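# Breakdown of the fold
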Amino acid sequence: MEETYAVEMLNITKRFPGIIANDNITLRLKKGEIHALLGENGAGKSTLMSVLFGLYRPEEGSIRMGGREVSIKDPNDANALGIGMVHQHFKLVECFTVLDNIIMGVEPSKYGFLQKAEAREKVVALSDKYGLRVDPDAKVEDISVGMQQRTEILKMLYRENKILIFDEPTAVLTPQEIEELMEIMRGLKAEGKSILFITHKLNEIVAVADRCTVLRKGAYMGTVDVADSSKEELSRMMVGRDVDFAVRKKARAPGQVVLEVEGVTVASKMHKNNAVKNVSFQVREGEIVCLAGIDGNGQTELVHALTGLVKPSAGSFSLRGVDMTRDSIRERSKLGLSHIPEDRHKHGLVLDYTLEQNLVLENYWKPEFQNRGFIRFKAVREYAQRLIEQYDIRSGQGPVTKARSMSGGNQQKAIVAREIDKDPELLVAVQPTRGLDVGAIEYIHRQIVAQRDQGKAVLLVSLELDEVMSLSDRILVMYEGEIVGELDPKTATVEELGLYMAGAKRKEAV
Amino acid sequence: MEKTKTRNSLLRNAGVQSLLASLLCILIGLLVGYLVLLAINPAGAGKAIATIVRNFFYYPSPSAQMKYLGSTLVKTSPLLLCSLSVLFAYKVGLFNIGAAGQYVVGAGASLYCALALDMPWYLCLLAAVAAGALLGALSGVLKAYCNVNEVISCIMLNWISLYMVNTLLTNVKEYSSPYTLTLASTNPGALIPSLGLGSLFNNNQYVTIAIPLAVLVTVVIWVLLEKTKLGYELKATGFNKDAAQYCGMREKQNIILTMAIAGGLAGMAASLLYLTGFEQWSCTQSAVPAMGFNGIAAAFLGGLNPIGTIFSSYFIQHITSGGAYVDKTMYSSQISDFISALIIYLCGFVLFFKYALNNRLDRRAEREARAAQAAANQEGGER
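Here goes a summary of the coordinates provided. (Residues numbered from 1 in each chain as written. Chains lettered and ligands numbered in written order. Predicted model: local features only at pLDDT ≥ 70, side-chain atom pairs only at ≥ 80, totals over all residues. Heavy atoms only, no water.)

### A closer look at the overall build of chain A
Along its length, chain A carries 17 helices and 24 strands. A compact globule built from 510 residues would reach a C-alpha radius of gyration of about 24 Å, and chain A, at 25 Å, matches this within 12%. In terms of principal-axis extent, the alpha carbons of chain A reach across some 75 × 50 × 50 Å. Within chain A, the proportion of its 510 residues that are buried is 55%. A sequence separation of at least 24 residues applies to 66% of the contacts in chain A between residues at least 6 apart. Taking the 69 positively charged and 74 negatively charged side chains of chain A as two groups, their mean positions are separated by 4 Å. (Helix = DSSP H or I, 4+ residues; strand = E, 2+ residues; numbered from the N terminus. Rg over C-alpha atoms; globule rule 2.2 N^0.38 Å. Buried < 20%, exposed > 50% of the residue type's maximum accessible area, 1.4 Å probe, protein only. Contact = heavy atoms within 4.5 Å. Lys, Arg positive; Asp, Glu negative; His and termini not counted. Charge placed at Lys NZ, Arg CZ, Asp CG, Glu CD.)

### Remarks on the overall build of chain B
Secondary structure assignment for chain B yields 17 helices and zero strands. Seen through its C-alpha atoms, chain B measures out along the principal axes to roughly 95 × 65 × 40 Å. With 383 residues in all, chain B has 50% of them scored as buried. Sequence-distant contacts in chain B: of pairs separated by 6 or more residues, those separated by 24 or more amount to 78%. A total accessible area of about 17300 Å² is found for chain B, and carbon and sulfur atoms account for 65% of it. (Areas by Shrake-Rupley, 256 points an atom, 1.4 Å probe, with all protein chains shown as cover.)

### Remarks on the sheet that holds strand β13 (residues 257-267) of chain A
All names here are of chain A. Taken in spatial order, the four strands line up as β14-β13-β16-β17 in an open sheet, and their pairing is antiparallel. Each of the sheet's edge strands pairs with one partner strand only, and the pair in question is β14 (274-284) and β17 (322-323). Each of β13, β14 and β16 (314-319) touches helix α9 (residues 299-307); the most contacted strand, β14, lies at about 60° to it. (Pairing = 2+ DSSP bridges. Axes fitted to C-alpha atoms, helices over the stretch in contact; angles between N-to-C directions.)

### What about the interface of chain B and chain A?
Taken residue by residue, the interface counts 25 residues in chain B and 30 residues in chain A. Three residues, B:Lys229, B:Tyr232 and B:Tyr246, lead the burial of chain B against chain A; their summed loss comes to 33% of the area buried on that side. Run the count over chain B and chain A and you get zero salt bridges. Within the residue set of the side of chain B that touches chain A, elements represented by two or more residues are α10 (210-227), α11 (229-239), α12 (241-246) and α17 (350-382) of chain B. By residue number, the principal contributor to the side of chain B that touches chain A is α11(B), which donates eight residues. (Buried area = accessible area lost by both parts, 1.4 Å probe. Salt bridge = Lys/Arg side-chain N within 4 Å of Asp/Glu carboxyl O.)

### Digging into the side chain of A:Glu204
Locating A:Glu204 in the fold gives a position in helix α7 (residues 202-208). A polar contact is formed between the side chain of A:Glu204 and the side chain of A:Thr170, at a distance of 2.7 Å. (Polar contact = N/O pair within 3.5 Å; in protein donor to acceptor, adjacent residues only side chain to side chain.)

### Quick look at the sheet that holds strand β24 (residues 482-487) of chain A
All names here are of chain A. Spatially, the six strands line up as an open sheet ordered β18-β21-β22-β15-β23-β24, and their pairing is mixed. The open sheet has two edge strands with one neighbour each: β18 (337-340) and β24. Each strand of the sheet is rotated relative to its neighbour by a mean of 20°, with strand direction disregarded. Where strand β15 (residues 288-292) and strand β22 (residues 457-462) come together, five bridges link them in parallel fashion. When the bridges of β22 are listed, Cys290 appears paired with Leu460.

### Some thoughts on a nonpolar patch on the surface
Residues and elements named next belong to chain B. A contiguous nonpolar surface patch, about 420 Å² in accessible area, is contributed by Val215, Val219, Trp222, Ile307 and Phe311. Those elements giving two or more residues to the nonpolar patch turn out to be α10 and α15 (306-323). Looking at the nonpolar patch element by element, the count peaks at three residues for α10. Examined against the element boundaries, Val215 turns out to sit in helix α10. (Patch = residues over 30% accessible without salt bridge, like charges linked within 9 Å, V, L, I, M, F, W, Y side chains within 5 Å.)

### Focus: the packing of aromatic side chains
Overall, the coordinates contain 15 aromatic pairs over all chains when judged by the stated rule. Both rings, one in A:Tyr353 and one in B:Phe239, keep their centres 5.5 Å apart while their planes meet at 80°; by these two values the pair is edge-to-face. Residue A:Tyr353 is located in the loop between α11 (344-348) and α12 (355-359), and its partner B:Phe239 is located in helix α11; the two belong to separate chains. The class for B:Phe239 is partly exposed, based on a relative accessible area of 40%. Relative to B:Phe278, the ring of B:Tyr206 has its centre 5.1 Å away and its plane inclined at 90°; by these criteria the two rings are edge-to-face. (Phe/Tyr/Trp six-rings, centres within 6.5 Å; stacked < 30°, edge-to-face > 60°.)

### Thoughts on the environment of A:Thr265
All names here are of chain A. In this fold, Thr265 is placed in strand β13. Note on Thr265: relative accessible area 13%, which makes it buried. Spatially, the C-alpha atoms of Thr265 and Pro341 are 20 Å apart, while their sequence positions differ by 76 residues. Not counting residues within four places of it along the chain, the set of residues in contact with Thr265 comprises Asn274, Val276, Lys277, Asn278, Pro312, Ser313 and Ala314. Of note is the side chain of Thr265, whose polar atom sits 3.1 Å from the backbone nitrogen of Asn278.

### Regarding the nonpolar core
If you look at the biggest cluster of nonpolar residues, it comprises 99 residues, and the most contacted ones within it are B:Leu37, B:Leu81, B:Tyr103, B:Leu272, B:Tyr274, B:Trp281 and B:Ile316. Examining the composition of this core, we find that 13 residues originate from one element, helix α13 (residues 251-274) of chain B, more than from any other. Contacts of B:Tyr274, omitting those with residues within four sequence positions, involve B:Tyr103, B:Ala107, B:Leu111, B:Leu183, B:Glu279, B:Gln280 and B:Trp281. With 62 residues, the next largest nonpolar core counts A:Val360, A:Ala414, A:Ala429 and A:Ala492 among its residues. (Core = buried A, V, L, I, M, F, W, Y, C linked by side-chain atoms within 4.5 Å.)

### Things to note about the pairing of strand β3 (residues 34-38) of chain A
Residue and element names in this part refer to chain A. Across the five residues of β3, five count as buried, placing the element largely inside the fold. Neither face of β3 is exposed, since Ile34, Ala36 and Leu38 on one face and His35 and Leu37 on the opposite face are all buried. In the sheet, β3 pairs with strand β11 (residues 211-216) via four bridges, with the strands oriented parallel. Bridge assignment links Leu38 to a residue of β11, and that residue is Val214.

### A short note on the state of the cysteines
Residues and elements named next belong to chain B. Tallied over the full model, the rule gives zero disulfides over all chains. We note that Cys113 lacks a disulfide partner, and the nearest cysteine sulfur, in Cys124, lies 5.4 Å from it. What makes Cys113 buried here is its relative accessible area of 9%. (Disulfide = S-S within 2.5 Å.)

### Some details on the side chain of B:Glu233
Here B:Glu233 is to be found in helix α11. For B:Glu233, which is buried and forms no salt bridge, the nearest opposite charge comes from A:Arg330, at a distance of 4.7 Å. Among the polar contacts listed, one links the side chain of B:Glu233 to the side chain of A:Tyr364, at a separation of 2.4 Å. Within the structure, B:Glu233 has its side chain in polar contact with the side chain of B:Asn254 (distance 3.3 Å).

### Here we look at the pattern of salt bridges
Proximity of charged atoms lets side chains of opposite charge pair with each other. Residue and element names in this part refer to chain A. In this structure the tally under the stated criterion is 34 salt bridges over all chains. Of the charged contacts, one joins Arg284 and Glu287 as a salt bridge, the two residues approaching to 3.8 Å between their closest N and O atoms. We classify Arg284 as partly exposed; its relative accessible area is 27%. Connected through salt bridges with shared partners, the residues Arg284, Glu287, Arg474 and Glu486 form a single ionic network.

### A closer look at the packing of α10(B) against α15(B)
Each pair of packed helices gets described by two things: the angle between the helix axes and the distance between those axes. Residue and element names in this part refer to chain B. The N-to-C vectors of α10 and α15 enclose an angle of 150°; their axes lie 8 Å apart at closest approach. Viewed along their axes, α10 and α15 adopt a mutual orientation that is roughly antiparallel. Contacts from Val215, Thr218 and Trp222 in α10 reach Pro306, Ile307, Thr309 and Ile310 in α15. When the residues that make up the contact of α10 with α15 are grouped by side-chain class, the tally is five nonpolar, two polar and no charged. (Parallel < 35°, antiparallel > 145°, perpendicular 65-115°, else oblique. Nonpolar A, V, L, I, M, F, W, Y, C, P; charged D, E, K, R; others polar.)

And the structure:
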């Protein structure tokens, strides 16, 4: 009888000091199926995959392939067994070509000389077979994120891996690219590959997966046939309660102009062209304006110029009529600008500081918290405790927890608490829910809407289409540094938005 | 179970860890030093290493011991300030290898002010602080505005300062030797006052208020780092300069200020030694004085804690002074420097030992958790 399972992970338990990351988890991947692994952050998905990939040894349980128990001690063992993985953050050498990256580690050679022509043929054949469009001679640094991902997939196919692990592959893609990836995955499945698909996006599971295993807080919640299940059921299994997908928002007429952006141009650090080209728009009281676009189309640079991290080469910003183009970051902050930064580890937090030290990062200099240059520790502690309670920031040791040891969701909550509690005129939120689980996303969305309902102006920058569509009152699409369209989320469709984002469509002068 | 937990948490305490790691470094340093002595000349090894550790106890009479304890302390205070200089910059994410050069310009400024300009001791001391601060700030400016690595600029400035100071002090050197004029004969007002401290150490004339002054500065630095808004800002800049910029701190200014303070400390260190008259500057020296470099070792051995550096500086000075008493008929005269250098070198491993200790504790915790789980499972099975 032929074995039905490509790999079986049986009763896997992996403990770390203080927590059980995987508690008796069983995952059986059938041959030729797409199997989704669903769970919130910290549910143990990555740990489980690291066990399969040989990065961790489990305390209990076994891994079986073809009916025999196998021992995977390191990633080389995993490779030898035909297990390949596309990591969330690609492992490519930027200054190498696509071909070089694909053959890296398994370079075909004769007498110590590379045999690239042979490898090239194989890569071209594979890319034709699976519809993975790549230019083998392009340097990785010059190609799109989608093509980089296809390079990663080709890497696995080149090594003739049978079991392919995709770790949150859609996070960096446009809607069109996501659709394309789904198509590629179906093609791989048709060729008999078995796919493990790690995600927390329910739409994608419903679209492409055959079965789905759900983890919650390290525990196994069950495996379901996707066809017999629903998004609601899956999310209940994942979160443990019903989740409200809809963002509740009252209709609200925008008030006076809070932020006025006029003709802003920002030079790029990456290339010679300008990253932002002559951009103008307004944000008014009580509205959430969303800057949508694929990553790298100038949103980051625009926000950095707006918040004072870089200087624009032309144009001006004014807040409630006050020109702040030349103001320092501190002065902008005093004028009423709050900024939830894109990269919470780089800009948002001092990871080696405690939670309370991080919570006063924006206002430690106010007389409330310092007296003649000496920090008022008691005031800081009381303030931190109030925010922790009010915004439900959870951590091991309360105010004195090191920020580094907190979960991503709670780190983000701390930043949101700090920025919102400043009671700003304008809240700039850049990808405020990136990498967070459903519960935390729901919470942060509610906070942002609450700001809007209080009449604050909100500028949201997001790459998540669901977020863009559900949260914003107005959508501005950025493409190659310009605003190419303004859409109303009530009437626009995701497809239309995708066309603008990809530069296939544009409206004249917004 | 309860007992292991408390023991574990004590071992997890950062302060206890630093202390253990430092003590371990010292032990290993002494052991390696001993092995080297054995290899060179086995007959005197035990005695030599004992001599180094004993330092001033080499002298039989308590009064002589007191006197030479005083001498060790005289040299400890500049080392303490040098290690503070390194530590302060390190807390802000900068590696001040230029403490040596800042020490040199401190010596140059204080001696020139004392010998050529006839200034009183406190002005000489301030001049040393200013000179060191200026040199430090120079590295800071290069780092902040031109992104020149502070290590590179500091090393180059170390040599530039040395030869500049040699040139400058040639104007005030003794006629027949390369050494600068003595303060006592030229300008006694430039000697740091003793206020009776010397008499506590069997009339060691070099024991002055420089020693309590160094300790006082240590406390001030600790307060500055831990209790003030400036310390909060500087440390935030050191940990994550992007976040510091994001929340409106002026990170360029902070880098310059930090290097200036660090430089000032190293400059002051030199004045605390040279203004006691304990040493004269040799205008022909062609090596940067080791004091600033030893400050690096003292800072790490002290667990990067200002109070810890008081003890580590003393220890390092203790063995350095002790090395001078090693029997020169059995070992060459460089051996004392060599042994103390070995020990100092191993002192740099403090951070490594802390890391290793934490790893061990993690593994043990994991094992215990597993054992506890297994026990619980068994219990469950029997029921």
